[in-house]
Amino acid sequence: MVSLEEGVIANADEQRQVGHYWLRSPELAPEATITEHINREITRVEAFGKGILDKSIVTPSGQPFTDVLWIGIGGSGLGPLLMIKALQETGVGLPFHFFDNVDPQGMSCILKELGSRLKTTLVVVVSKSGTTPEPNLGMQQARVRLEGTGNSWSHQAVAITMSDSQLDQQAKQENWLARFDMFDWVGGRTSITSAVGLVPAALIGADLRKFLEGAATMDAVTRVQDLRRNPAALMAASWYVAGDGRGKRDMVIIPYRDRLEVFSRYLQQLVMESLGKRHDRNGKVVHQGIAVYGNKGSTDQHAYVQQLRDGIDNFFATFIEVLENPSDIPRVQGDYPGDFLNGFLQGTRSALSEGGRQSITLTMEHFNAYSLGALIALFERAVGLYGELINVNAYHQPGVEAGKKAAAAILTLQSQIETFLADGLFHSIKEIQQEIDSDNTEAIFLILRHLCGSNQKYIIKGDWGQPLTMEFRLQC
Ligand SMILES: O=P(O)(O)OC[C@H]1O[C@H](O)[C@H](O)[C@@H](O)[C@@H]1O
């Protein structure tokens, strides 16, 4: 971890440095130019957020921005979602809407929700690589809708991406409203302390400097080279002991606070994409990882906690509690909901211990931008340390790349099928298979099912239960 922070190529497979710790302590970056670059971006993000909120940055027609449409997936979507859910105060800053998928129905709902406000919506397209299909498709859809109503995309669009990526080049050529840098040495799942998390923080009026300070303070505490005085090392060691160093127990995250409801989803990516690896760093097949799930307390007590208490012992729980609970909720008939929340947490915790189940409890005095930064940094460091314990590269994601390639192959197959069926004649799966020279009968069947299910252009003969008897024809 020391050499990682000093700037060695810690992600050997991708030949990259791993520098998310520099984002909140820029002075630790290995080169002065990096330090300056990080500081410059923080200042630019802050100024941009301020300009939007104080209405000095407006649409071409002089109207203030009313909404944000955030288009990004994985680390480019989950961090911002966590930031908004965790820190946005009601009525403060701009309301956020997310395109974090390519489900047409989902996109349609969001565009309907925005309705005529699309013309005053700041559209932020986020992709480190600038080539991920999902944000690219989301951008196409938002752009067509926006320009269809006579508005100018470039005056409402913001890009967050690596310098010189495809997205960056487009944003520069078209002179988008703003662009912010993602750095080559920051992975998506650890990008929340870069512009990816700071832009949303700025747009909801959250204290992004405090957020960074919280992360930096936790980084300092978790650099201590003494296991018992280093909370991240203790946590990583606990994970190791609980799962026998093989991920045999799942990590169940139960924060007793609505604001942290998406934290387990955020951690799913951070933990599972980092640790879920086939090979260790010596190339040995290890099939490592830790599964993460959870939602929030006390809600989860009424869902799956039954199994945690009495069922299969294949997990360790992580309770997250916050002592201070600022709200205008009064005591009614002697009952204060906060007392119940605390009681439920303690009750569940001791019920699990009585049943011999393992748990960790993290306690925060307050919940704010500072403690959110600290909480994230704690898990980032624990993941890094655990990665060292099990000797995996925690900073690449070769399995995701394999899935992307397989998806691209399916899309190629689909266009071959569509081209063949364009003759308007009936064809069986076998004929299609011969024509496009593919032995992947199942994929062909599933593509045909998709084509027929998602639009009305095809006439079908036969029975879906007997695929090989079926014939398909494009309706002319
Ligand atoms: O930011 P992007 O380059 O679009 O990447 C978005 C996400 O997709 C990839 O497939 C990776 O698995 C994630 O780690 C990443 O956060």
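Position numbers for residues count from 1 along each chain, tracking the sequence in the order it is written. Only residues with pLDDT of at least 70 are given local features in this predicted model, and only at 80 or more are side-chain atom pairs given and counted; all residues enter the totals for whole chains, interfaces and linings. Where side-chain values are given, they derive from all heavy atoms of the structure, hydrogens and water being excluded.

Naming follows an unreviewed UniProt entry, where the chain appears as Glucose-6-phosphate isomerase of Paulinella micropora. UniProt positions are given in the numbering used here, feature names are shortened, and annotations may be inferred rather than shown by experiment. Database annotation for the chain, UniProt heading Sequence similarities (unreviewed entry): "Belongs to the GPI family." What UniProt records for the chain under Pathway (unreviewed entry) is the sentence "Carbohydrate degradation; glycolysis; D-glyceraldehyde 3-phosphate and glycerone phosphate from D-glucose: step 2/4."

S.K.: Help me get a handle on the sheet that holds strand β5 (residues 178-182), residues and values and all.
M.R.: Taken together, the 5 strands give an open sheet; going across it, the order is β2-β1-β3-β4-β5, and neighbouring strands pair in parallel fashion. The sheet is open, and its two edges are formed by β2 (96-99) and β5, each paired on a single side. Pairs of neighbouring strands in the sheet enclose a mean axial angle of 20°, with direction left out of account. Examined bridge by bridge, strand β1 (residues 67-71) and β2 share 4 bridges and lie parallel to one another. The residue of β2 that forms the bridge with V68 is F96. Of the strands in this sheet, β3 (121-126), β4 (157-162) and β5 are in contact with helix α6 (residues 166-173), which crosses β4 at around 145°. When DSSP finds two or more bridges between two strands, those strands count as paired. Strands are runs of DSSP state E lasting at least 2 residues, helices are runs of H or I lasting at least 4, and numbering of each runs from the N terminus. The angle between two axes is taken between their N-to-C directions and runs from 0 to 180 degrees, where each axis is a line fitted to C-alpha atoms and a helix contributes only its stretch in contact. The contact rule is simple, with two residues in contact once any of their heavy atoms fall within 4.5 Å.

S.K.: Before we move on, could you go through the layout of surface pockets and cite the residues and values that matter?
M.R.: Empty space among the atoms can be located by rolling a probe the size of a water molecule over them. Of the pockets and cavities examined, the largest pocket occupies roughly 1,200 Å³. If you go around the largest pocket, you meet 43 residues; those closest to its centre are I73, T132, P133, E134 and K404. Where the lining of the largest pocket is concerned, the elements lending two or more residues are α3 (75-87), α5 (133-148), α10 (263-275), α14 (398-421) and α16 (441-454). Ranked by the residues each element gives to the lining of the largest pocket, the list is headed by α14, at 7 residues. Residue type decides the class: Asp, Glu, Lys and Arg count as charged, Ala, Val, Leu, Ile, Met, Phe, Trp, Tyr, Cys and Pro as nonpolar, and the leftover types, Gly among them, as polar. Split into classes, the residues belonging to the lining of the largest pocket amount to 17 nonpolar, 17 polar and 9 charged. Buriedness for pockets is judged along seven lines, at least five of which must meet protein on both sides within 12 Å for an open set on the 1 Å grid over protein atoms alone, while cavities are sets there where a 1.4 Å probe fits but cannot get out, and lining residues have an atom within 4 Å of a point. Grid points are joined across faces, edges and corners, and a volume is the space filled by probe spheres set on the points.

S.K.: An account of the sheet that holds strand β6 (residues 250-255) is requested, with residue identities and associated values reported.
M.R.: Strand order in this open sheet of 4 strands is β7-β6-β8-β9, and the pairing throughout is parallel. Every other strand in the sheet has two partners, leaving β7 (292-294) and β9 (358-364) as the edge strands with one partner each. Each neighbouring strand pair of the sheet contributes to a mean axis angle of 25°, computed without reference to strand direction. Together, β6, β7 and β8 (315-322) form the strand contacts of α10, whose direction differs from that of β7 by roughly 175°. Along the sheet, helix α13 (residues 369-389) contacts β6, β8 and β9; its crossing angle with β9, the most-contacted strand, is approximately 150°.

S.K.: Residues and numbers for the domain arrangement of the chain, please.
M.R.: Throughout, the edges of the domains are those of an automatic or database domain assignment. Assigned domains within the chain: domain 1 (1-206), domain 2 (227-396) and domain 3 (399-474). On a C-alpha basis, the centres of domain 1 and domain 2 stand 27 Å from each other. Taken together, the 28 residues of domain 1 in the interface contact 26 residues of domain 2. Note on domain 1 versus domain 2: buried area summed over both sides is about 2,400 Å², and carbon and sulfur give 58% of it. Salt bridge criterion: a side-chain nitrogen from Lys or Arg within 4 Å of a carboxyl oxygen from Asp or Glu. Across the contact surface, domain 1 and domain 2 share 4 salt bridges. Notably, a salt bridge pairs E273 with R189, separated by 2.9 Å at the nearest N-O pair. By definition, the buried area sums, over both parts, the 1.4 Å-probe accessible area that each loses when the two are put together.

S.K.: I'd love a proper account of empty space enclosed by the protein, names of residues and values included.
M.R.: Considering all chains together, one arrives at 3 cavities of 30 Å³ or more under this definition. In this structure, the largest cavity spans a volume of roughly 80 Å³. Taken together, V125, S127, G130, T132, P135, N136, M139, Q166, L167 and Q170 form the lining of the largest cavity. Going through the elements one at a time, α5 and α6 are the ones with two or more residues in the lining of the largest cavity. Residue classes in the lining of the largest cavity are distributed as 4 nonpolar, 6 polar and no charged. Quantified by volume, the second largest cavity comes out at close to 60 Å³. Around the second largest cavity sit L23, I38, E41, I42, D181, F183, T193, S194, A195 and L198, which together line it. Secondary structure elements with two or more residues in the lining of the second largest cavity: α2 (32-53) and α7 (195-203). Residue contributions to the lining of the second largest cavity peak at 3 residues, all from α2. A breakdown of the residues in the lining of the second largest cavity according to their chemical character gives 6 nonpolar, 2 polar and 2 charged.

S.K.: Can you explain α6? Please cite residues and give values.
M.R.: The set of residues buried in α6 consists of L167, D168 and A171. Around the axis of α6, the buried residues are gathered within 100° of arc, so they sit on the same side. The first or second residue beyond α6 is N175, which carries a positive phi of 55°. When a residue's accessible area, from a 1.4 Å probe over protein chains only, is under 20% of the maximum for its type it is buried; when over 50% it is exposed; and in between it is partly exposed. Working definition: the arc comes from the directions between the helix axis and the C-beta atoms, pointing outward to the latter.

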